[in-house]
Amino acid sequence: MVPALAAVLANVPAGATNLATNGSFENVGTNTQSYQVTASGSTTLPGWTLGPSGIDCLVYNKPSTTMCGSGYSSPYQSSNVTFAISPGVSPNGGNFLASDSSAAYEQSISQTITTVIGKQYIVSFYQAGAQQYGYSGATTDQWQVTFGSSTQTSALMSVASQGDVPWMGQQMIFTATSTSSTLTFLALGTPSNSQPPFALLDGIDVEVPEPASIGLMGFGLVGVAGLRRRRARRSA
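Residues numbered from 1 in each chain as written. Predicted model: local features only at pLDDT ≥ 70, side-chain atom pairs only at ≥ 80, totals over all residues. Heavy atoms only, no water.

A separate point is the overall build of the protein. The number of helices and strands found in the protein is two helices and eleven strands. Counting the 236 residues in the protein, one finds 46% classified as buried. Taking as baseline every contact in the protein between residues at least 6 positions apart, the subset at least 24 positions apart corresponds to 77%. Carbon together with sulfur atoms contributes 53% to the accessible area of the protein, which is approximately 10,800 Å² in total. (Helix = DSSP H or I, 4+ residues; strand = E, 2+ residues; numbered from the N terminus. Buried < 20%, exposed > 50% of the residue type's maximum accessible area, 1.4 Å probe, protein only. Contact = heavy atoms within 4.5 Å. Areas by Shrake-Rupley, 256 points an atom, 1.4 Å probe, with all protein chains shown as cover.)

The structure is reproduced here in structure tokens:
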């Protein structure tokens, strides 16, 4: 994200009501284990609908490199899985989601939100990037966010071999085209089927912004566009 725009977004006042359910992943239903595998046929994540194969795991509130707890297992791996370097807990705190973002394994989470046609909504969240321990090579991560009929992508995170990308805030504006809008997060990453890239997610918040907030964000976008034009003229 362009720094000037990030600064504007960081100062946009938020509304009082988060329309997303379990956006911080703190509700784990009846699961009381020290880890959670949200794969198809096992535990679920209340409030969210998982893709056909679920997602890799929910990382419980701990700053260690352990991805899914010492007892983690999945249809693909039965041994402990860790990050090469962990970005730690998110600014939102508590649990966060870890999803293999390679095209061969990417899965989505979604939920439907009641919306008003023509009204604008701000979708905010935190993202970070990491790589599974035992693998090497540079990777990339980002989140594809769909709200109703519109789709946007978050800032691209370039993860150095066996490295990480720290947590960063993201905000997007969507306009509802229906009385219900499905909010979907899909992890996108490279390479397609190796060097496992992991996209991390937390603190999902959906709110109806104050009109002044939208104006401020628009001003920031215009300002960034102007800055780019001036830079282009200087380099010409």
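Another aspect to go through is the sheet that holds strand β5 (residues 120–131). With antiparallel pairing, the five strands of this open sheet are ordered in space as β2-β3-β11-β5-β9. Every interior strand has two partners, whereas the edge strands, β2 (57–59) and β9 (164–175), have only one. Each strand axis lies, on average, 30° off the axis of its neighbour in the sheet, ignoring direction. Examined bridge by bridge, β5 and β9 share ten bridges and lie antiparallel to one another. Bridging from a neighbouring strand, Ile122 pairs with Ile173 of β9. (Pairing = 2+ DSSP bridges. Axes fitted to C-alpha atoms, helices over the stretch in contact; angles between N-to-C directions.)

Mapped onto the elements, Leu156 comes out in the loop between β7 (150–153) and β8 (157–159). Residue Leu156 is classed as exposed on the basis of its relative accessible area of 53%. Residues Leu156 and Thr140, 16 residues apart in the sequence, show an inter-C-alpha distance of 6.9 Å. Among all residues touching Leu156, those that are not within four sequence positions of it are Thr140, Asp141 and Gln142.

What follows is about the environment of Val123. Examined against the element boundaries, Val123 turns out to sit in strand β5. For the pair Val123 and Ile173, spaced 50 residues apart in sequence, the C-alpha separation works out to 6.4 Å. The residues touching Val123, leaving out its near neighbours within four places in the chain, are Val145, Phe147, Gln170, Gln171, Met172, Phe174, Leu183, Phe185, Asp205 and Val206.

Attention now goes to the pairing of strand β10 (residues 180–190). Pairing geometry for strand β4 (residues 108–114) and β10, over seven bridges, is antiparallel. What sits directly across from Thr114, in β10, is Ser180. Direction of pairing for strand β6 (residues 139–147) relative to β10: antiparallel, over a ladder of eight bridges. Within β10, the residue paired with Trp143 across the bridge is Ala187.

Omega for the bond connecting Thr190 with Pro191 falls within 30 degrees of zero, at -5°, which places this linkage in the cis form. One can find Pro191 in the loop between β10 and β11 (197–207). Even without being a glycine, Asn22 presents a positive backbone phi close to 55°. Inspection of the secondary structure assignment puts Asn22 in the loop between α1 (3–10) and β1 (49–50). Given a relative accessible area of 14%, Asn22 falls into the buried group.

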